[in-house]
Amino acid sequence: SQVHIGAAISLTQAVLPQMKTQQFGRIVLITSRAALGLQTRTSYSATKSGMMGMARTWALELGQHGITVNTVAPGPIQDTEMFEAVIPPGSEKINTLAAGIPVKRLGRSEDVAHAVDFLLAEASGFITGQTISPSGGSFVGAM
């Protein structure tokens with residue numbers, strides 16, 4: 001939990017004074033579809049869902065300072081070390097996993113980056129306390 005929740009708290013505390021002074025800020029925490037639950041990943045799921053609650057609370061507390069706080073909860077992102085540590089490239093399990101996702105493919109790092117870019121934009125100032133899930137629809141259904 002220190003890696004996910006502890007780091008988010010420490011980093012946010014470090015930038016908040018300047019954001020409050022400027023009356024502007026964007027905080028985006030990276031959570032996971034696993035926040036909804038994932039077999040054999042109890043601690044990971046708990047910390048990721050904790051981050052979502054933390055972001056919603058901060059959104060309520062910091063909105064008056066022009067600071068938005070949101071989370072991005074990716075589904076399976078194929079081109080990451082974390083994914084490849086569990087499912088090696090070329091594994092048939094990749095096709096099986098993709099078949100269970102509504103858009104019929106696994107995600108890529110740039111899918112996550114697009115969601116983060118959107119939330120960081122000055123024009124996204126009316127979006128706070130939300131979770132965007134670049135997950136191909138797996139966030140709304142069972143994989």
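Structural notes, computed from the coordinates. These numbers come from a predicted model, not from an experiment.

Each value, and the rule that gives it
- Residues numbered from 1 in each chain as written.
- Predicted model: local features only at pLDDT ≥ 70, side-chain atom pairs only at ≥ 80, totals over all residues.
- Heavy atoms only, no water.
- Helix = DSSP H or I, 4+ residues; strand = E, 2+ residues; numbered from the N terminus.
- Expected span 1.5 Å × (residues − 1).
- Contact = heavy atoms within 4.5 Å.
- Pairing = 2+ DSSP bridges.
- Buried < 20%, exposed > 50% of the residue type's maximum accessible area, 1.4 Å probe, protein only.
- Lys, Arg positive; Asp, Glu negative; His and termini not counted.
- Salt bridge = Lys/Arg side-chain N within 4 Å of Asp/Glu carboxyl O.
- Polar contact = N/O pair within 3.5 Å; in protein donor to acceptor, adjacent residues only side chain to side chain.
- Core = buried A, V, L, I, M, F, W, Y, C linked by side-chain atoms within 4.5 Å.

**Structural notes on helix H2 (residues 42-62)**
Turning to step 1, where the next piece is worked out: Across its 21 residues, H2 extends 30 Å between first and last C-alpha, which sits within 8% of the 30 Å expected from 1.5 Å per residue.
Turning to step 2, where the next piece is worked out: Contact partners of the buried residues in H2: helix H1 (2-22), strand E1 (25-30), strand E2 (67-72), helix H3 (81-86) and strand E3 (131-132).

**Section: the sheet that holds E2**
Turning to step 1, where the next piece is worked out: What the 3 strands build is an open sheet, ordered E1-E2-E3; its pairing is parallel. Lying at the two open borders of the sheet, with one neighbouring strand each, are E1 and E3.
Turning to step 2, where the next piece is worked out: Where E1 and E2 come together, 6 bridges link them in parallel fashion. Within E2, the residue paired with Gly25 across the bridge is Ile67.

**Considerations on the side chain of Lys48**
Turning to step 1, where the next piece is worked out: Tracing the chain through its elements places Lys48 in helix H2.
Turning to step 2, where the next piece is worked out: Although Lys48 lies buried, it forms no salt bridge, and the closest oppositely charged side chain, Glu81, sits 15 Å away as judged by the N-O distance.
Turning to step 3, where the next piece is worked out: Engagement of the side chain of Lys48 in a polar contact is seen with the backbone oxygen of Ile30, the distance being 2.9 Å.

**Re the nonpolar core**
Turning to step 1, where the next piece is worked out: In this structure, Ile27, Leu29, Met54, Trp58, Leu62, Ile67 and Val69 are the most contacted members of the largest nonpolar core, which totals 13 residues.
Turning to step 2, where the next piece is worked out: If you list the elements that add at least two residues to this core, you get H1, E1, H2 and E2.
Turning to step 3, where the next piece is worked out: If you look at the next biggest cluster of nonpolar residues, it comprises 7 residues, including Val72, Ile77, Val112 and Val116.

**A look at the side chain of Ser124**
Turning to step 1, where the next piece is worked out: Position of Ser124 relative to the elements: it lies in the loop between helix H5 (109-120) and E3.
Turning to step 2, where the next piece is worked out: Note on Ser124: relative accessible area 4%, which makes it buried.

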